[in-house]
Amino acid sequence: MTGVGLVSPLGVGNDLTWSGVLEGRSGIGAITRFDVSDYPSRIAGEVSDFDPLQFLHKKELKKCDRFIQFGIAASDLALEDSGYSIDDSNRDRVAVHIGAGIGGLPLIEDMHSVLLEKGPSRVSPFFIPGLIANMAAGQVSMRHGARGPNHSPCTACTTGLHAIGDAFRVIQLDMADAAIAGGTECALSPLALSGFASMRALSTRNDEPEKASRPWDRGRDGFVISEGAGLLILEEFEAAKARGATIYCEILGYGMSGDAYHISAPEPEGEGMARVMAAAIKDAQVDPLRVGYINAHGTSTGLGDVAEVKAIKRVYGEHARELAVSSTKSSTGHLLGAAGGLEAGLTALALRHQTLPPTINLEDPDEGCDLDFVADGAREVDLDVAQTNSFGFGGTNGVLLMGRV
């Protein structure tokens, strides 16, 4: 992995996001994009400092929903960070694997209003290509001239991680030499907020938004919806070394599994989560005792947080007590389909800087939530192998193992 591009509620760019996480800042605040006075949950992680005109011409904005704009911005940032150049000598061997869990829901809402108020002739011809989930990958490939495998998984909140894992496989299989991979999402809209609220999935700690995302804490009451993107540049290892690239880390293993249990709830004992962790460890062919840190899915939901702890204990046994486990969602909220990309990027930064991001707002750990959650602030460590977890609605699970170079 040679490049990281992050757009998050903590800021646009790696430095703002990484420093915000390490400092224990929260990117959660009151929703400003639309009137939420009648909603039970009125908080979110908005990317408040994002100016699309820094990345796109004004005439291009009408062709793409905000999630695509985030993806384009993150791709620019990741490529600049990596120093990797795409040109005629390599463009056919550069893959683009960028997914979105939902896609252009805000644009759907806007165009539905246009249809009802002004009639079908006023619906934009850019409506469909501006909202479909694969168009972030399409737009990024066109922007940078990457003509290798082009793929867009849509696996709910596991999307970003699956996109990176699939790109890893494509390079392993010699179908590409490099890839732009990760997730992007902007589902912060009246309909999405209403739907998640109806499921009672969202935190309603509206008076203290900065404390609303509190994984493993007894007082947690749901996740906080957020927006943004996390994209990585993956390269074949020897080629990256040959060009003198700065290498964040090496992806060692990738695992996938399904719960086959429930449309939204995890299997209570974390059985599917445990299987995907074990699959990633087996794929990486590493001793589990080398794993020193897990960037957990840790959404701040009652069932999910506990099931993930059970799964970690099942897989790692006594070593689970030696592991550091944190949830950066405590600072960023939950970016849905972009979460896995953002958190893989933060895990890579943890390996590069040998510093663990903390879990904030963990004041009273829930029963059974008794691992080392790095609740006392960022921590300098000697870190060899790190793991990042992503789990999604429908019981879709993904795990990546990354190693220090």
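Core analysis: the biggest nonpolar cluster contains 40 residues, and M1, I164, L234 and L400 have the highest contact counts within it. Put simply, the parts of the chain that give this core at least two residues each are β1 (3-8), α1 (14-22), α7 (159-172), β7 (178-185), β8 (228-235), β9 (250-258), α13 (339-353) and β15 (396-403). Per-element accounting of this core gives the leading share, 8 residues, to α13. What I164 contacts, discounting residues up to four positions off in sequence, is A181, G182, L232, L234, I251, G340, G341, A344 and L400.

With that out of the way, let us pick up the sheet that holds strand β14 (residues 385-392). Judged by pairing direction, the sheet is mixed, and its 5 strands sit side by side in the order β9-β15-β14-β10-β11 without closing on themselves. With partners counted over all chains shown, the strands left at the sheet margins are β9 and β11 (324-326), one partner each. Strand-to-strand twist of the sheet, defined as the mean angle between neighbouring strand axes without regard to direction, takes the value 15°. One ladder, built from 8 bridges, connects β9 with β15; its direction is antiparallel. Across the sheet, the residue bridging to E250 is G403, located in β15. Helix-sheet contacts for α7 involve β9, β14 and β15, and the interaxial angle to β9 is about 120°. Here α13 sits on the sheet and contacts β10 (291-295), β14 and β15; the angle it forms with β14, its principal contact strand, is near 170°.

Extensive coverage of β14 is indicated by the burial of 8 of its 8 residues. Here β14 shows no split at all, with V385, Q387, N389 and F391 on one side and A386, T388, S390 and G392 on the other all buried. Bridging between β10 and β14 involves 4 bridges; their strand directions are parallel. Opposite N295, over in β14, you have T388 as the bridge partner. Here 8 bridges tie β14 to β15, and the two strands are oriented antiparallel to one another. Note on β15: the bridge partner recorded for A386 is M402. Where β14 hands over to β15, the hairpin turn is made up of 3 residues, of which G394 adopts a positive phi near 85°.

In space, the 6 strands of this open sheet follow the order β2-β1-β8-β7-β5-β6, with mixed pairing throughout. Across the chains shown, the open sheet's two edge strands, defined by having one partner strand only, are β2 (11-12) and β6 (150-151). Inspection of the sheet shows β1 paired to β2 by 2 bridges, in the antiparallel sense. What sits directly across from S8, in β2, is G11.

Along the chain, the position of E267 falls in the loop between β9 and α10 (271-284). One buried charged residue, E267, remains without a salt bridge, the closest side chain of opposite sign being R314 at 5.4 Å. Polar side-chain contacts of E267 include one of 3.0 Å to the backbone nitrogen of E269. Among all residues touching E267, those that are not within four sequence positions of it are D259, Y261 and A307.

Definitions and cut-offs
- Residues numbered from 1 in each chain as written.
- Predicted model: local features only at pLDDT ≥ 70, side-chain atom pairs only at ≥ 80, totals over all residues.
- Heavy atoms only, no water.
- Core = buried A, V, L, I, M, F, W, Y, C linked by side-chain atoms within 4.5 Å.
- Buried < 20%, exposed > 50% of the residue type's maximum accessible area, 1.4 Å probe, protein only.
- Helix = DSSP H or I, 4+ residues; strand = E, 2+ residues; numbered from the N terminus.
- Contact = heavy atoms within 4.5 Å.
- Pairing = 2+ DSSP bridges.
- Axes fitted to C-alpha atoms, helices over the stretch in contact; angles between N-to-C directions.
- Lys, Arg positive; Asp, Glu negative; His and termini not counted.
- Salt bridge = Lys/Arg side-chain N within 4 Å of Asp/Glu carboxyl O.
- Polar contact = N/O pair within 3.5 Å; in protein donor to acceptor, adjacent residues only side chain to side chain.

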